[in-house]
Amino acid sequence: MIHGWSLRHRLIAVSAALTALAGIAIGMANLVGVRAFMIGQLDEDLSQTAYRLHTPDRDGDDISHQLNGPGLTVGTVLAAFDSAGAVTAVYLNSEANAQALSPNQLADIPVEEWGAEVRDVRIDGIGEYRMAVVGESNGNTVLVGLSTASVDRVVSRIAAYQLALIAAVVALVILGGRKGVDMALRPLDRMRQTAQRVSALPLATGNVALTERVDVDVDDPDTEVGQLGNAFNQMLEHVDDALKVRQESEAKVRQFVSDASHELRTPLTAIRGYSELTRRTKQEMSPELSFALERIEAESIRMTAMVEDLLLLARLDEGREMELVETDFSTVVRNAVTDADTADSEHEWTAAVTDGITVMGDSHRLHQIIANLLGNARIHTPAGTHVVTTLVRNGDEAVLTVADNGPGIAPEVIDSLFERFTRADSSRARATGSTGLGLAIVDGLVHAHHGSISVTSQPGATEFRITFPAL
């Protein structure tokens, strides 16, 4: 259970547990010492009692008469046994009268191997005794025993007091330890808060200034916490330097793509224009030359589209804000599906659109989002595939889905589907004109409209889901 606790709770729990264990160990050692001391005192009393009983003028008395002698305490046991092992015994009851022991109690008194030592004897019904030999009387060996009940009562009271004291000390350790641990962990809390703020930053893309640092000026740099804080700040410095290098590299790449796209538009336009002009002059040319001109014109058109896509992505990477206005999203979706149905009759195109859904957006770019998704379905699904486009309002969101019953997207591709130049079917990409930029553009445009996009796919069911804030 402690594995789910915070470091603060673990430290307090460990401190309380160690305090309790130390208190219990000291208490047990104390109880053992107190009991040993009191048993020693009891043995001295037993020796004095034996001395008083073992006098010349009392050796002839029977044991019950001796029990009524002066100086004997309640609970004292006198026993005698002969050479045959027959035992007689009495004890001084609470009324200070001699009371004979029962046969079962007599059986608890040992009659063998008695010497000068003191022995522990447990007698049923009256408890633990310390017993010793007094002497002989009328040929019988006489024993005397003093009860250890008073010793056990004192030890029990001391144990209860110590337990209460240990509980109070543990409670104080928990209360005081919490304050101490809070003060000791305060620098770690600052590091945790700094780490949380850093983890919330969008470090993957964009211009990020990592200015967060841990304040370790008030801490001793020679302590473990101070060293950890300094190491943490050094790590943030290295991360900040790496981010700056990444930002500079991305800026150079974006600038290169933007410049290259601008520069390529002019020669591509010239190639396309000259190929069209040559083809329209009606000059006689061989079939091979005519085919070559057609391919030059087609490839120039494809290259122009790719350059336009790269230029759009470069602009989206720069984080330029788009001019968003109130747009009838329902009409945009219907027009996009109608265009797809007109351009391709081999697929089944269906639209289920709720009227009156408006969003803040650029109608041209919104149409481009839907057209790219529909074009993606047309390119990567066989003829006869049913493509269903739906638009509904869900609370404060406009939810657009494009679903098809095609073969689905390979699992190894789906995680990188919105990255640039990712192709779900690389073997067909060039034949179908796919550049691998369509879904990357969709992703960029969706986020530029403050929306989100996701995809789920399995054989026979692929669905792209887009949500925008609805007006």
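Because the structure is a prediction, the values reported are computed rather than measured. (Residues numbered from 1 in each chain as written. Predicted model: local features only at pLDDT ≥ 70, side-chain atom pairs only at ≥ 80, totals over all residues. Heavy atoms only, no water.)

Asker: What is the right way to read the side chain of Thr327 from this model?
Answerer: Relative to the assigned elements, Thr327 resides in strand S7 (residues 325–328). Look past the residues within four positions of Thr327 in its chain and what remains in contact with it is Val332, Ile357, Thr358, Val359, Gly361, Asp362, Ser363 and Leu366. (Helix = DSSP H or I, 4+ residues; strand = E, 2+ residues; numbered from the N terminus. Contact = heavy atoms within 4.5 Å.)

Asker: For this particular structure, what's the right way to read the packing of aromatic side chains?
Answerer: Going through the model one piece at a time under the given rule, you end up with one aromatic pair. Summarising the aromatic geometry, the rings of Phe329 and Phe468 are spaced 5.6 Å apart at their centres and angled 75 degrees between planes, so their arrangement reads as edge-to-face. Of this pair, Phe329 sits in helix H7 (residues 329–343) while Phe468 sits in strand S13 (residues 461–469), and the two are 139 residues apart along the sequence. Judged by relative accessible area, Phe329 falls into the buried class, the value being 1%. (Phe/Tyr/Trp six-rings, centres within 6.5 Å; stacked < 30°, edge-to-face > 60°. Buried < 20%, exposed > 50% of the residue type's maximum accessible area, 1.4 Å probe, protein only.)

Asker: Help me understand the sheet that holds strand S8 (residues 348–353) in this model?
Answerer: The strands making up a sheet associate through hydrogen bonds between their backbones, and the pairing can be parallel or antiparallel. Strand order in this open sheet of five strands is S8-S10-S11-S13-S12, and the pairing throughout is mixed. The sheet terminates laterally at S8 and strand S12 (452–458), the two strands that pair on one side only. Averaged over all pairs of adjacent strands, the angle between strand axes in this sheet comes to 15 degrees, irrespective of strand direction. Of the pairings in the sheet, the one linking strand S11 (residues 397–404) to S13 comprises eight bridges and is antiparallel in character. Pairing of Asp404 across the sheet is with Thr462, part of S13. Sheet strands in contact with helix H8 (residues 363–380) are S8, strand S10 (386–394), S11 and S13, and its direction is about 175 degrees off that of S13. In this fold helix H11 (residues 438–448) packs onto S12 and S13, with an angle of close to 140 degrees to the strand it touches most, S12. (Pairing = 2+ DSSP bridges. Axes fitted to C-alpha atoms, helices over the stretch in contact; angles between N-to-C directions.)

Asker: Is there a simple way to think about the pattern of salt bridges in this case?
Answerer: All told, the structure shown has 10 salt bridges when counted by the stated rule. A salt bridge links Arg295 to Glu299, with the shortest nitrogen-to-oxygen separation between them at 2.8 Å. Taken together, the residues span about one helical turn, with Arg295 and Glu299 both in helix H6 (residues 287–317) at a distance of four residues. Relative accessible area serves as the criterion here: at 37%, Arg295 is assigned to the partly exposed category. Judged by relative accessible area, Glu299 falls into the partly exposed class, the value being 29%. Taking the shortest distance from any N to any O, the salt bridge between Asp355 and Arg334 comes out at 2.2 Å. Taken together, the residues Asp355 in the loop between S8 and strand S9 (358–361) and Arg334 in helix H7 connect sequence positions 21 residues apart. (Salt bridge = Lys/Arg side-chain N within 4 Å of Asp/Glu carboxyl O.)

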